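Observations on the three-dimensional arrangement
Below, each chain spelled out in residue letters.
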Amino acid sequence: MNRFLAALAGLFTLLGVHAAMASPEQDRSQLLSQIKAAYPDIKSNDYVHGALAFDPDSLAQYNSIMQFPPFVADLEMGEKLWKTPLKRGKTYAECLPNGGRMIAGNYPQFDHAKGQVVTLERAINDCRVANDEAPYEYGDAATMGRLTAYLRSLSDGMKMNIKVEGEAALQAYEDGKKTFYSRAGQLNFSCANCHVDNVGNRLRSEILSPAIGQATHWPVFIGGDRLTTLQKRFERCHRDVRQAPDQAGSTRYDNLEYFLSYLSNGLPLQASVFRK
């Protein structure tokens, strides 16, 4: 009996290791299959709408609002920041690949020379520092928020194309995955409890969106005027479950964004959207 129990424990350990070592593409495919099985009538491209994909009336209202979005002035201010030369005379377009056009779907990316995940925000700050400018605060809506809102709009329609190549990149991805699936806070919730286990269900008055598609539409304008970036949303989620949040731009949040973005590979981007 003891040998049987030991063998059984070994089998569970082996299965656990196998699950933990699933490749990024296996993670994405498995989650996609799970959502499709639960909601076969929702097209995968509609996951970019988040919870709206599960509520036709709200999606219709969203489409109506987006015909004349109330945050155009913020995008215009972001464009002004984008085009203003830095102290050394360069513009952001000269720092970033392809002049900043159709690149947002490649971020976050793993920089092997630096040994870390580079988000689009970090790439902007790298450009600023290289041109004798102080870095922007990651959570500052008036500067980093507006600038990335405009910059990401230059990639609308591009498909998410995140690469996880090499052992160090995989470790960063796995760290993001660990954050996503780990329960924490006084409420003992994980990101996955809402965005994997309860997709399409309601929490109070809100429908819970799937993890796939979540990284494709940031920043969002809550109520039409409150610009919120993806990592600021991470902060809010952690506070909601009564966990002390990181600050936007932390290694943990960069890795979490890396993981989430990979899950959305193949989906089209649309930046700067309305959310209630």
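Residues numbered from 1 in each chain as written. Predicted model: local features only at pLDDT ≥ 70, side-chain atom pairs only at ≥ 80, totals over all residues. Heavy atoms only, no water.

Attention shifts here to the packing of helix H6 (residues 120–130) against helix H7 (residues 141–153). Each pair of packed helices can be described by the angle between their axes along with the distance between the axes. Close contact between H6 and H7 brings their axes to 11 Å; oriented N to C, the two are set at 110 degrees. On the basis of their axis angle, the class for H6 and H7 is roughly perpendicular. Side by side, H6 and H7 meet where Leu-120, Glu-121, Ile-124 and Asn-125 of the first sit next to Met-144, Leu-147, Thr-148, Leu-151 and Arg-152 of the second. Residues that form the contact of H6 with H7 fall into these classes: five nonpolar, two polar and two charged. (Axes fitted to C-alpha atoms, helices over the stretch in contact; angles between N-to-C directions. Helix = DSSP H or I, 4+ residues; strand = E, 2+ residues; numbered from the N terminus. Parallel < 35°, antiparallel > 145°, perpendicular 65-115°, else oblique. Contact = heavy atoms within 4.5 Å. Nonpolar A, V, L, I, M, F, W, Y, C, P; charged D, E, K, R; others polar.)

Each neighbour pair has its own omega, and for Tyr-107 with Pro-108 the value is 0 degrees, a cis peptide bond. Within the secondary structure, Pro-108 sits in the loop between helix H5 (92–95) and strand E1 (109–111). A cis amide bond links Trp-218 to the next residue, Pro-219, at an omega of -5 degrees. Mapped onto the fold, Pro-219 is located in the loop between strand E4 (206–207) and strand E5 (220–222). Phi is positive for Met-102, close to 55 degrees, though the residue is something other than glycine. One non-glycine residue with positive phi stands out, namely Ser-272, at about 55 degrees. Note that Ser-272 resides in the loop between helix H11 (251–263) and strand E7 (273–275).

Inspection of the entire model under this criterion finds one disulfide. Cys-237 provides the cysteine sulfur closest to Cys-191, a residue in no disulfide bond, and the two sulfurs are 6.7 Å apart. Judged by its relative accessible area of 28%, Cys-237 falls in the partly exposed class. (Disulfide = S-S within 2.5 Å. Buried < 20%, exposed > 50% of the residue type's maximum accessible area, 1.4 Å probe, protein only.)

Core analysis: the biggest nonpolar cluster contains 67 residues, and Trp-82, Tyr-92, Phe-180, Ile-212, Tyr-258 and Leu-263 have the highest contact counts within it. Ranked by residues supplied to this core, first place goes to H11 with seven residues. The residues contacting Leu-263, other than those within four sequence positions of it, are Asp-27, Arg-28, Leu-31, Tyr-173, Ala-211 and Ile-212. (Core = buried A, V, L, I, M, F, W, Y, C linked by side-chain atoms within 4.5 Å.)

Now for the environment of Pro-135. Structurally, Pro-135 is set in the loop between H6 and H7. In this structure Pro-135 touches Asn-125, Arg-128 and Val-129, once residues within four positions along its chain are discounted.

Bringing the pattern of salt bridges into the picture now. Across all of its chains, the model carries 13 salt bridges by this definition. Across the salt bridge formed by Glu-25 and Arg-28, the nearest N and O atoms sit 2.7 Å from each other. You can see Glu-25 and its partner Arg-28 sitting in helix H2 (residues 24–38), three residues apart, about one turn around the helix. Taking the relative accessible area as the measure of exposure, Arg-28 reaches 17% and is therefore buried. Here Arg-252 and Asp-246 are joined by a salt bridge, their closest N and O atoms 3.1 Å apart. Relative accessible area serves as the criterion here: at 23%, Arg-252 is assigned to the partly exposed category. The partly exposed category is assigned to Asp-246, whose relative accessible area is 22%. (Salt bridge = Lys/Arg side-chain N within 4 Å of Asp/Glu carboxyl O.)

Strand order across the open sheet formed by three strands is E6-E5-E7, with mixed pairing between neighbours. In this open sheet, the two edge strands, each paired with only one partner strand, are strand E6 (226–228) and E7. Sheet twist, expressed as the mean angle between neighbouring strand axes with direction ignored, is 35 degrees. As defined by bridge partners, E5 adjoins E6 across three bridges and the pair is classed as antiparallel. (Pairing = 2+ DSSP bridges.)

This brings us to the packing of aromatic side chains. Using the criterion set out here, one finds ten aromatic pairs in the structure. Plain terms: the ring middles of Tyr-39 and Phe-54 are 4.8 Å apart, the flat faces sit at 85 degrees to each other, and that makes the pair edge-to-face. Taken together, the residues span a long stretch of sequence, with Tyr-39 in the loop between H2 and helix H3 (56–67) and Phe-54 in the loop between H2 and H3 at a distance of 15 residues. Relative to Tyr-262, the ring of Tyr-173 has its centre 5.8 Å away and its plane inclined at 80 degrees; by these criteria the two rings are edge-to-face. Highlighted residues: Tyr-173 in helix H8 (residues 167–181) and Tyr-262 in helix H11, separated in sequence by 89 residues. A network of ring pairs unites the aromatic residues Tyr-173, Phe-180, Tyr-181, Phe-259 and Tyr-262 as a single cluster. If you follow Arg-275 out to its NZ or CZ, it ends over the ring of Tyr-62, 5.4 Å from the centre. (Phe/Tyr/Trp six-rings, centres within 6.5 Å; stacked < 30°, edge-to-face > 60°. Lys NZ or Arg CZ within 6 Å of the ring centre and 35° of its normal.)

Okay, the confidence of the model for the chain next. Of the residues in the chain, 93% have a pLDDT of 70 or more, and the chain-wide mean is 92. Every residue in residues 1–19 scores below 50 in pLDDT, and together they form one contact with partners more than four places removed in sequence or on other chains. (pLDDT = per-residue confidence, 0-100.)

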